[in-house]
Amino acid sequence: MTSTPAVSGGCPMGYGAQAPADHHGYEPFTMEDPFPAYARMRSEQPVMFDERTGLYVVTRYDDVKEVFEKWETFSSENAQAPVRKRGPQATQIMTEGGFTTYSGLSARRPPEHTRIRAIAQKAFTPRRFKALEPLIRENVKASIKAMLDRGDDHGDIVADLAYSLPTVTILTLIGEDTSSVDTYKRWSDSRAAMTWGDLSDEEQIPHAHNLVEYWNRCQEIVARAHAEGGDDLTADLVKAQSEGGEISDHEIASLLYSLLFAGHETTTTLISNCVRVLLDHREAWEALCAEPKQIPKAIDEVLRYSGSIVGWRRKALEDTEVAGVAIPEGGELLLLMGSANRDESRFENGEDFDISRSNARDHLSFGFGIHYCLGNMLAKLQAKIALEELTSALPDLQLLDGEHISFRKNLSFRVPEQINVSLNAH
């Protein structure tokens, strides 16, 4: 077993022999191109303690999968905890505003997680997703038409398509007003920044106000479902409660709080990354234009090669080890799925993008084990419809300035700011 840094209060301090000064090029909050650093860590130090974040960074496929699987040892309780501690002003704003939520499912542990997920899973039915398909397709077509109608031959896949599409979908799913896309995007940006960002105390203040508004709205949606009923996911959860399902209003609101973020933020990024990566690999884009039936397989390869979420956290509940490296009780881990998904011990030529890859579905971008993403089918459905319509309407779409795309600073989410394209419409 490899020696580990000393710990104080469960948080390792200093790194001794565990992490070299250059950290193999790994920069926790920089997402422009983290993959060379990931490859060096997999090769040279697959479990590295990063004293800048206080996290043990795990990079190999088998190790990441094993940690996800061993939920009794590696708790999910820190999955939604702020990477940077909330400052006193933000804490006061959120306390006085009645902000009491933490997680829908991803940070909960059995038996609580098991109980709530069983009820939520019954509401996430194929019937609900199927009912949304015409709306999704109609919105994609409308977005493409709006780009074409501008007549300037240019578009931004993020702003013109991926920004609003999943948000409208998820708002419809839960029975919320679809005119509030910008409001939910603002709240979601604040949630990402407060939880996975690197903010000063002062920078946290406006985000704290946004999160109070966001949580209050989630509670209002639950109250409205009790009063009015309806044919949507929230009404389904309230109905399950009235029929004896063991789930409280606070837990339903917490599910909405998580779903309204995870259900669109990562799908916006998935759609954006699908277009970005496929256009950057022209032969793959042209293959899909010629044979749209390959699109679902291509989406899994994008999820493997350039997933929306590249890292997720866990906490050791006892002294343990990963790949021979000792992890003390209370030690926190960052599982780099973005690295695991390119591990050549699992994916041959893992650094190459290949839509014919036979095992692309083995990626870990939706997690693994009991916390596997509940909304994965809806995310893939939206990406599939977007690619079907884009390859049909705009087969000559071209990526512009692909080498200059910027990504938001974040510990876990790899979010492109813009995907500029030439429509090349005839």
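Keep in mind it's a predicted model, so treat the numbers as computed, not measured. (Residues numbered from 1 in each chain as written. Predicted model: local features only at pLDDT ≥ 70, side-chain atom pairs only at ≥ 80, totals over all residues. Heavy atoms only, no water.)

K.L.:
What exactly am I supposed to notice about the overall build of the protein here?
P.N.:
Check the secondary structure of the protein and you find 15 helices and 12 strands. Taken over C-alpha atoms, the radius of gyration comes to 21 Å for the protein, in line with the 22 Å a tight globule of 426 residues would show. C-alpha extents for the protein along the principal axes are approximately 65 × 55 × 40 Å. Here the protein holds 426 residues, and the buried ones make up 55% of them. In the protein, 76% of the contacts between residues at least 6 apart in sequence involve partners at least 24 apart. (Helix = DSSP H or I, 4+ residues; strand = E, 2+ residues; numbered from the N terminus. Rg over C-alpha atoms; globule rule 2.2 N^0.38 Å. Buried < 20%, exposed > 50% of the residue type's maximum accessible area, 1.4 Å probe, protein only. Contact = heavy atoms within 4.5 Å.)

K.L.:
Looking at this structure, I do not really get the pattern of salt bridges. What am I missing?
P.N.:
Where charged atoms of side chains with opposite charge meet at close range, the side chains can pair. Under the counting rule described, the total for this entry stands at 35 salt bridges. Linking Arg109 and Glu77 is a salt bridge whose minimum nitrogen-to-oxygen distance equals 3.6 Å. With Arg109 in the loop between helix H3 (88-96) and helix H4 (112-123) and Glu77 in the loop between strand S5 (74-75) and H3, this pair connects stretches of sequence that are 32 residues apart. Looking at Arg109, the relative accessible area reads 35%, which means it is partly exposed. As a salt-bridge pair, Asp362 and Arg346 come within 3.1 Å of each other at their nearest N and O atoms. Placement of the pair is Asp362 in the loop between helix H14 (337-340) and helix H15 (376-393) and Arg346 in the loop between H14 and H15, with a sequence separation of 16 residues. Taking the relative accessible area as the measure of exposure, Asp362 reaches 28% and is therefore partly exposed. Judged by relative accessible area, Arg346 falls into the partly exposed class, the value being 32%. Each of Lys130, Glu133, Arg137, Lys384, Glu388 and Glu389 takes part in a single network of salt bridges with overlapping partners. (Salt bridge = Lys/Arg side-chain N within 4 Å of Asp/Glu carboxyl O.)

K.L.:
Just checking my understanding: could you explain the nonpolar core for this structure?
P.N.:
One broad rule of soluble globular proteins: the nonpolar side chains tend to lie buried together. In this structure, Tyr26, Tyr214, Leu260 and Leu333 are the most contacted members of the largest nonpolar core, which totals 130 residues. The greatest single-element share of this core, amounting to 15 residues, is contributed by helix H11 (residues 249-280). Excluding residues that lie within four positions of it along the chain, Leu333 makes contacts with Leu55, Tyr56, Val58, Val67, Phe74, Trp312, Arg313, Arg314, Lys315, Ala316, Val322 and Ile327. (Core = buried A, V, L, I, M, F, W, Y, C linked by side-chain atoms within 4.5 Å.)

K.L.:
Got a minute to help me understand helix H10 (residues 233-242) in this structure?
P.N.:
Helical geometry: 3.6 residues make up each α-helical turn, so side chains three or four residues apart lie on a common side. Within H10, the full set of buried residues consists of Leu233, Thr234, Ala235, Leu237 and Val238. Elements in contact with the buried residues of H10: H4, helix H5 (126-150), helix H7 (165-174), helix H9 (201-228) and H11. Taking the backbone nitrogen of Thr234 as reference, a side-chain oxygen 3.1 Å away marks Asp232 as the first, capping residue of H10. With its phi angle positive at about 105°, Gly244 sits one or two positions after the end of H10. (Polar contact = N/O pair within 3.5 Å; in protein donor to acceptor, adjacent residues only side chain to side chain.)

K.L.:
I keep staring at the state of the cysteines and nothing clicks. Help me out?
P.N.:
Disulfides are covalent bonds that connect the sulfur atoms of two cysteines. A full pass over the atoms with the stated rule returns 0 disulfides. We note that Cys289 lacks a disulfide partner, and the nearest cysteine sulfur, in Cys274, lies 14 Å from it. (Disulfide = S-S within 2.5 Å.)

K.L.:
What is the right way to look at the packing of aromatic side chains in this model?
P.N.:
In this description, an aromatic ring pair is defined by two values, namely the gap between the centres and the angle between the planes. If you walk through the whole model with that rule in mind, you get 18 aromatic pairs. Ring plane angle 85° and centroid distance 6.4 Å describe the contact between Tyr184 and Tyr214, whose orientation is recorded as edge-to-face. Of this pair, Tyr184 sits in helix H8 (residues 181-196) while Tyr214 sits in helix H9, and the two are 30 residues apart along the sequence. Both residues of the pair, Tyr184 and Tyr214, count as buried. By the ring-pair criterion, three or more aromatic residues cluster together here, those being Phe99, Tyr184, Trp187, Tyr214, Trp215 and Tyr257. The ring of Tyr305 has Arg342 sitting right over it, with the charged end atom 4.0 Å from the ring centre. (Phe/Tyr/Trp six-rings, centres within 6.5 Å; stacked < 30°, edge-to-face > 60°. Lys NZ or Arg CZ within 6 Å of the ring centre and 35° of its normal.)

K.L.:
Could you clarify how one ought to interpret the side chain of Asp300 in this entry?
P.N.:
You can see Asp300 is positioned in helix H13 (residues 295-305). The exposure class of Asp300 is buried, given its relative accessible area of 4%. A distance of 3.1 Å separates polar atoms of two side chains, one belonging to Asp300 and the other to Lys380. Aside from chain neighbours lying at most four places away, what touches Asp300 is Ala360, Arg361, His363 and Lys380.

K.L.:
What am I meant to see in the sheet that holds strand S6 (residues 154-156) here?
P.N.:
Note on sheets: strands pair through backbone hydrogen bonds, and any given pair is parallel or antiparallel. Strand order across the open sheet formed by 3 strands is S6-S12-S11, with antiparallel pairing between neighbours. Of all strands in the sheet, those with a lone pairing partner are S6 and strand S11 (398-399), marking the two edges. Of the strand pairs in this sheet, S11 and strand S12 (residues 420-422) are connected by 2 bridges, and their pairing is antiparallel. The partner of Leu399 across the bridge, within S12, is Val421. (Pairing = 2+ DSSP bridges.)

K.L.:
Would you mind showing me how to read unusual backbone geometry here?
P.N.:
With the exception of glycine, the majority of residues adopt a negative phi angle, and the majority of peptide bonds are in the trans configuration. In this model, Pro110 is joined to Pro111 through a cis peptide bond whose omega is 5°. Locating Pro111 in the fold gives a position in the loop between H3 and H4. You will see that His24, though not glycine, has its phi angle at about 60°, which is positive. Relative to the helices and strands, His24 is located in the loop between strand S2 (11-12) and helix H1 (35-44). Judged by its relative accessible area of 7%, His24 falls in the buried class. Backbone geometry at Ala323 places phi at a positive 55°, although glycine is not the residue there. Relative to the assigned elements, Ala323 resides in the loop between strand S8 (320-322) and strand S9 (325-327). Residue Ala323 is classed as partly exposed on the basis of its relative accessible area of 46%.

K.L.:
What's the story with the pairing of strand S4 (residues 55-58) in this structure? I'm lost.
P.N.:
A regular strand carries its side chains on alternate faces of the sheet. Covered by surrounding structure in S4 are Leu55 and Val57 together with Tyr56 and Val58, the residues of both alternating faces. Pairing of strand S3 (residues 47-50) with S4 involves 4 bridges; the strand directions are antiparallel. By the bridge assignment for S4, Asp50 is matched with Leu55. The turn joining S3 and S4, which pair antiparallel and follow one another in sequence, is formed by 4 residues; a positive phi near 75° is taken by Gly54. Across 4 bridges, the pairing between S4 and strand S10 (residues 332-335) is parallel.

Read these as spatial facts, not as claims about activity.
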